[in-house]
Amino acid sequence: MKILVLNAGSSSLKCHLFDWVGESQKPVWQAHADWSRKQVAARLTISTAEGKLQESEIPNPDVSTILRQLTAALPMVPDVAAHRIVHGGSLFHKAVLLTPEVQQQAMGFSPFAPSHNPMQLEIVDEMERMLGPKVPQYGVFDTAFHTTLAPEAYVYAGPSHWLERGIRRYGFHGISHQYVSHHAAKLLGGELAASRIVTAHLGNGCSLAAVVGGVSVATTMGFTPLDGLVMGTRSGSVDPGILIHLVRQYGYSADMLEAELNQESGLKGITGISGDMRELLAAMQGGSEPARLAFDIYTSSIARFVAGLIPAMGGLDALVFTAGIGENSPEVRAAVADKLAFLGVAMDEPVNQNKPMDQVISQAGTKPQVLVVRSEEDWEIARQCFAAQSES
Ligand code: AMP
């Protein structure tokens, strides 16, 4: 089955075409469009499993133009399309066929994910126009993996009308947490059913999930992807009293709060330098005190939240690092491991330093074990789409 995966962020779109015959599948073709400099141009990169084919710029791009160029370059017509959709509330537990009714339900979650859901659903519409109605389209939701949370883990301690208005913890990065926790259990060779794993998705956005027997039982992101860990430009959890103070004393509007909490906080806010971990590490090596402080706050926040998830699991068998920072920064992994040494975490530092991937990086015989696993979100979207299509 030829599965076209479309994974859209707020200013980029990753596409992978899988010729799916079994789970060891690699994409046969991929494309990446980046319109973070939207006013100028979108950059489109197309490559096959063998290497890069073509790079181009699309001036004054809109979603429709980008998708038209992209579909024109497809080497074969897909049998199905599978879309990552950020917010499915508590409605969608697994990949679903995107019927008009489902699309409308997903659109209903747009106020909860304004920079993602509308754009992702616009892409679904455009793709239907381009591929025709005979190619079924599936939605794989970032919130789906966390729909197993118990009320104790998802109800906020506000008045009960919050819950009636849909204000509860949903959690995000679910596709990544699901893939990574299941893959880690495979690598550990143990029973998935018996594993108690914390997955640390550390990219531009950062979140943890506590996964018991393959099922999410707690997670750090909440009603929105702002909650929990300190991130590149997002604050993570802060005292809500600060927001009230900013409104009362400084006349902040909702838009001002949103912009500061999402784009001007986190590593970028603390340092005033950058929300990008590579730049922060370089500044730290150059002796920058704010960069050092940001690094310490960031790694302390991870350690504190990891420890905070353990009661929900009754113990911890493994801690797994993934995404841009988790996969590539031995400094962050070492600092977090150091702060969790009281739990028995003991890193094998030579292994940690040697670009580990899909392997254990803690000392033999120690527990909890520590691993690095590459997040294969697009593969996981294809897998879930294949499973849903096979069931139908
Ligand atoms: P993602 O959102 O998963 O693409 O991750 C983006 C984050 O990963 C950014 O903060 C990058 O600076 C960080 N990152 C990527 N490569 C490295 C690296 N080699 N060392 C440290 N951080 C990295």
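Residues numbered from 1 in each chain as written. Predicted model: local features only at pLDDT ≥ 70, side-chain atom pairs only at ≥ 80, totals over all residues. Heavy atoms only, no water.

Engineer: Can you tell me about the nonpolar core, naming the residues and giving the values?
Structural biologist: Nonpolar side chains in soluble globular proteins generally cluster together in the buried interior. Counting residues in each nonpolar core, the largest one holds 56 residues, and the members touching the most others are Leu202, Met277, Tyr298, Ile302 and Val332. In this structure leucine 202 touches Leu229, Tyr298, Ile302, Phe321, Thr322, Ala323, Gly324, Ile325, Gly326 and Val332, once residues within four positions along its chain are discounted. (Core = buried A, V, L, I, M, F, W, Y, C linked by side-chain atoms within 4.5 Å. Buried < 20%, exposed > 50% of the residue type's maximum accessible area, 1.4 Å probe, protein only. Contact = heavy atoms within 4.5 Å.)

Engineer: Break down the site of the ligand for me, with residues and values.
Structural biologist: For the ligand, the full set of nearby residues is Gly203, Asn204, Asp276, Met277, Arg278, Leu281, Ala323, Gly324, Ile325, Asn328 and Ser329. One nitrogen or oxygen atom from the main chain of asparagine 204 is found 2.9 Å from an oxygen atom belonging to the ligand. Within the complex, the protein chains bury 72% of what would otherwise be the 510 Å² of accessible surface of the ligand. Broken down by element, the residue count for the shell around the ligand peaks at 4 residues, all from helix α12 (residues 323-328). (Near = heavy atom within 4 Å. Polar contact = N/O pair within 3.5 Å; in protein donor to acceptor, adjacent residues only side chain to side chain. Areas by Shrake-Rupley, 256 points an atom, 1.4 Å probe, with all protein chains shown as cover. Helix = DSSP H or I, 4+ residues; strand = E, 2+ residues; numbered from the N terminus.)

Engineer: An account of the sheet that holds strand β12 (residues 318-322) is needed here, citing residue identities and associated values.
Structural biologist: Strand pairs in the sheet, formed through backbone hydrogen bonds, run parallel or antiparallel to each other. Pairing is mixed across the open sheet formed by 6 strands, whose spatial order is β11-β10-β9-β12-β14-β13. Two strands lie at the open edges of the sheet, namely β11 (215-219) and β13 (359-360), each paired on one side alone. Relative to β12, strand β9 (residues 196-202) is paired through 5 bridges, and the arrangement is parallel. Bridge pairing links valine 198 to leucine 319 in β12. Against the sheet, helix α11 (residues 289-313) touches β9, β10 (206-212), β11 and β12, its axis set at about 20° to β10. (Pairing = 2+ DSSP bridges. Axes fitted to C-alpha atoms, helices over the stretch in contact; angles between N-to-C directions.)

Engineer: Any chance you could break down the packing of aromatic side chains for me, citing the residues and the numbers?
Structural biologist: Any pair of aromatic rings gets described here by the distance separating the centres and the angle formed by the planes. Scanning all chains against the criterion turns up 9 aromatic pairs. Centroid distance phenylalanine 18 to tryptophan 20: 5.7 Å. Interplanar angle 70°. Geometry classified as edge-to-face. A relative accessible area of 2% means that phenylalanine 18 is categorised as buried. Between the aromatic rings of tyrosine 170 and phenylalanine 223, the centroid separation amounts to 6.3 Å while the plane-to-plane angle is 35°, which identifies the pairing as tilted. One end of the pair, tyrosine 170, is in the loop between α5 (160-164) and α6 (174-188); the other, phenylalanine 223, is in the loop between β11 and α7 (240-250), with 53 residues separating them in the sequence. An aromatic cluster of three or more residues is present, and its members are Phe18, Trp20, Tyr179, Trp379 and Phe386. (Phe/Tyr/Trp six-rings, centres within 6.5 Å; stacked < 30°, edge-to-face > 60°.)

Engineer: Help me get a handle on the pattern of salt bridges, residues and values and all.
Structural biologist: In this structure the tally under the stated criterion is 13 salt bridges. For arginine 278, the salt bridge goes to aspartate 276, with nearest N and O atoms at 3.5 Å. Its relative accessible area of 67% is what places arginine 278 among the exposed residues. Sharing partners across several salt bridges, the network here consists of Arg43, Glu55 and Glu57. (Salt bridge = Lys/Arg side-chain N within 4 Å of Asp/Glu carboxyl O.)

Engineer: Describe a nonpolar patch on the surface, listing the residues and the values that go with them.
Structural biologist: Judged by side-chain polarity, Ile270, Leu293 and Ile297 come together as a nonpolar surface patch covering roughly 220 Å² of accessible area. In this structure, isoleucine 270 sits in helix α9 (residues 266-271). Judged by relative accessible area, isoleucine 270 falls into the partly exposed class, the value being 30%. (Patch = residues over 30% accessible without salt bridge, like charges linked within 9 Å, V, L, I, M, F, W, Y side chains within 5 Å.)

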